[in-house]
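Spelled out from the first residue to the last, the chains are:
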Amino acid sequence: MNSSKHTLTQFDDELEAVREQVMLMGGLVENQIRLSMEALAENDVAMMERVIANDRLVNGMEVTIDEKCVQIIARRQPAANDLRLVMTIIKTITDIERIGDEAKKIARMGIQLSNREHFHAPRYTEIRHAAKLVLEMLHQALDSFARLDVSSVTQVIRQDEQVDNEFRTILRYLVSLMMEDPRTITSSLELLFIAKSVERMGDHAQNMAEYIIYMVKGRNARHISVEEIESELQQIQVQQQPSYI
């Protein structure tokens, strides 16, 4: 009995250690987003290069966490809630790593823009606002993951709709600008790539929110509307409430 309890305690410690590493990886990527947008605003090439260099750290953390999850599956053979947690971690770190890749792309594009003799960032206010929304989404998704709480995940999904709207606004403006003045085509396209990277970050943060629903409630929330997700979460909560006679 004592041996069994000891094994279970070790297993819990291993899961908690991996969860902590996911949070550290998420925090690093949050900082990558902030640095890339700050570097773009200040035309700071050194900071952009720092973002690009730091991406190796993000990649290394993904590999390390993934290997630990594989070891846990092989050695512990988790089931039910524990298995969902491990699978959620594997999926989540993939999306976190891809958000980091988009931050690196923004930094690389910023370096190209910095080489323009007359650097101009039309619609940069909207890009920064969209990036701020993405940071909020990522932070909320990580917080929900840490607390195993689905109460705020639909907020993350709804914020992704706002990010998509911001992207469409930026796209329309840049297309009009390029049509009016062909000299702006190169820089406008580079800004469009930056805006698209921000939009993709939002998609990955939304994925993370959906994984949390699966982890906590055992429900695959992909490819259904946010209204359906809210309705199903309410039904699950009602079903899980104790009944008294």
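Every value quoted in this text rests on a predicted model; they were computed, and no experiment measured them.

**A word on the overall build of the protein chain**
The number of helices and strands found in the protein chain is seven helices and zero strands. Classification of the 245 residues of the protein chain by burial places 47% in the buried group. In the protein chain, 82% of the contacts between residues at least 6 apart in sequence involve partners at least 24 apart. With an accessible surface of roughly 13000 Å², the protein chain has 50% of that area assigned to carbon and sulfur atoms.

**Topic: the pattern of salt bridges**
Following the criterion strictly, the structure yields ten salt bridges and no others. Its salt-bridge partner being arginine 75, residue glutamate 14 comes within 3.6 Å of it at the nearest N-O pair. With glutamate 14 in helix 1 (residues 2-42) and arginine 75 in helix 2 (residues 45-76), this pair connects stretches of sequence that are 61 residues apart. Linking aspartate 55 and lysine 104 is a salt bridge whose minimum nitrogen-to-oxygen distance equals 3.2 Å.

**Observations concerning the packing of helix 2 against helix 3 (residues 80-114)**
Close contact between helix 2 and helix 3 brings their axes to 9 Å; oriented N to C, the two are set at 165 degrees. On the basis of their axis angle, the class for helix 2 and helix 3 is roughly antiparallel. The two elements helix 2 and helix 3 meet at a crossing, and its hand is left-handed. Looking at the contact of helix 2 with helix 3 residue by residue, the classes come out as 17 nonpolar, five polar and eight charged.

**Focus: the side chain of glutamate 102**
Tracing the backbone through its elements, the reader meets glutamate 102 in helix 3. Each residue touching glutamate 102, except ones within four places of it in the same chain, is listed here: Ser197, Arg200 and Met201.

**A short note on the packing of aromatic side chains**
Within this structure, the stated rule accounts for zero aromatic pairs. Over the aromatic face of phenylalanine 145 sits the side chain of arginine 19, whose NZ or CZ is 5.8 Å from the ring centroid. Above the plane of the ring of phenylalanine 167 lies lysine 196, whose end atom (NZ or CZ) is 5.0 Å from the centre.

**Looking at the nonpolar core**
With 62 residues, the main nonpolar core has Ile33, Met37, Ile65, Ile89, Ile127 and Ile194 as its most contacted residues. Every element with two or more residues in this core is listed here: helix 1, helix 2, helix 3, helix 4 (124-147), helix 5 (153-180), helix 6 (185-217) and helix 7 (226-240). Ignoring any residue separated from it by four or fewer positions in sequence, one finds isoleucine 65 in contact with Val18, Gln21, Val22, Met25, Ile89 and Ile93. Ala39, Met47, Met48 and Val51 belong to the second-largest nonpolar core, a separate cluster that totals six residues.

**Regarding a nonpolar patch on the surface**
A cluster of nonpolar residues, Ile73, Leu83 and Met87, forms a patch on the protein surface that exposes about 190 Å² of accessible area. Considering the arrangement of structural elements, one finds isoleucine 73 in helix 2.

Calculation notes
Residues numbered from 1 in each chain as written. Predicted model: local features only at pLDDT ≥ 70, side-chain atom pairs only at ≥ 80, totals over all residues. Heavy atoms only, no water. Helix = DSSP H or I, 4+ residues; strand = E, 2+ residues; numbered from the N terminus. Buried < 20%, exposed > 50% of the residue type's maximum accessible area, 1.4 Å probe, protein only. Contact = heavy atoms within 4.5 Å. Areas by Shrake-Rupley, 256 points an atom, 1.4 Å probe, with all protein chains shown as cover. Salt bridge = Lys/Arg side-chain N within 4 Å of Asp/Glu carboxyl O. Axes fitted to C-alpha atoms, helices over the stretch in contact; angles between N-to-C directions. Parallel < 35°, antiparallel > 145°, perpendicular 65-115°, else oblique. Left-handed = near helix turned anticlockwise from the far one by under 90°. Nonpolar A, V, L, I, M, F, W, Y, C, P; charged D, E, K, R; others polar. Phe/Tyr/Trp six-rings, centres within 6.5 Å; stacked < 30°, edge-to-face > 60°. Lys NZ or Arg CZ within 6 Å of the ring centre and 35° of its normal. Core = buried A, V, L, I, M, F, W, Y, C linked by side-chain atoms within 4.5 Å. Patch = residues over 30% accessible without salt bridge, like charges linked within 9 Å, V, L, I, M, F, W, Y side chains within 5 Å.

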